[in-house]
Amino acid sequence: MTVATAAVPTPTSAPVPVAIPVREVLPWAAFMGFLALFLIYFVGAEQGAFAIFSGNGVHEFVHDGRHLLAFPCH
């Protein structure tokens, strides 16, 4: 007669969390923040007095996203 053993071995030590230095994360966080502000500008404010590009091209491109995010546009 054989003795049954567990299919998954139990860990003998606790996992150690990986430390991520702030110096490595900060440039990426700043870049992503700038990118988010840039995209919110184009969805929410690219028309009228604040327009960088002339015409309605950007407005029409982000029109549905503008309504989805509850920005008024007309």
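Residues numbered from 1 in each chain as written. Predicted model: local features only at pLDDT ≥ 70, side-chain atom pairs only at ≥ 80, totals over all residues. Heavy atoms only, no water.

(A) Spatial organisation of the overall build of the chain. The secondary structure content of the chain amounts to 3 helices and 0 strands. Taken from N to C terminus, the helices and strands of the chain fall in the order α-α-α. Split into buried and exposed, the 74 residues of the chain put 11% on the buried side. Here the analysis covers contacts within the chain between residues at least 6 apart in sequence; of these, 19% occur between residues at least 24 apart. Summing over all exposed atoms, the chain offers an accessible surface of approximately 6800 Å²; the carbon and sulfur share of this is 72%. (Helix = DSSP H or I, 4+ residues; strand = E, 2+ residues; numbered from the N terminus. Buried < 20%, exposed > 50% of the residue type's maximum accessible area, 1.4 Å probe, protein only. Contact = heavy atoms within 4.5 Å. Areas by Shrake-Rupley, 256 points an atom, 1.4 Å probe, with all protein chains shown as cover.)

(B) The arrangement of the packing of aromatic side chains in detail. With the rule as written, the count across this model stands at 2 aromatic pairs. Seen in terms of ring centroids, Trp28 and Phe31 are 6.5 Å apart; in terms of plane orientation they differ by 85°. Their pairing is edge-to-face. Of this pair, Trp28 and Phe31 both sit in helix H1 (residues 22–44), 3 residues apart, roughly one helical turn. Taking 6.3 Å as the distance between ring centres and 25° as the angle between the ring planes, the aromatic pair formed by Phe34 and Phe38 counts as stacked. Placement of the pair is Phe34 and Phe38 together in helix H1, with a separation of 4 residues, close to one helical turn. Judged by its relative accessible area of 39%, Phe38 is partly exposed. (Phe/Tyr/Trp six-rings, centres within 6.5 Å; stacked < 30°, edge-to-face > 60°.)

(C) Layout of a nonpolar patch on the surface. A cluster of nonpolar side chains, namely Trp28, Phe31, Met32, Phe34, Leu35, Phe38 and Leu39, defines an oily patch on the protein surface of about 770 Å² accessible area. With respect to the element layout, Leu35 can be found in helix H1. Using a relative accessible area of 32% as the deciding quantity, one classes Leu35 as partly exposed. (Patch = residues over 30% accessible without salt bridge, like charges linked within 9 Å, V, L, I, M, F, W, Y side chains within 5 Å. Salt bridge = Lys/Arg side-chain N within 4 Å of Asp/Glu carboxyl O.)

(D) Molecular detail of the confidence of the model for the chain. Residues of the chain with pLDDT of at least 70 account for 76%, and the chain-wide mean is 78. Confidence scores differ between elements of the chain, with helix H2 (residues 57–61) showing the lowest mean pLDDT of 74 and H1 the highest of 89. (pLDDT = per-residue confidence, 0-100.)

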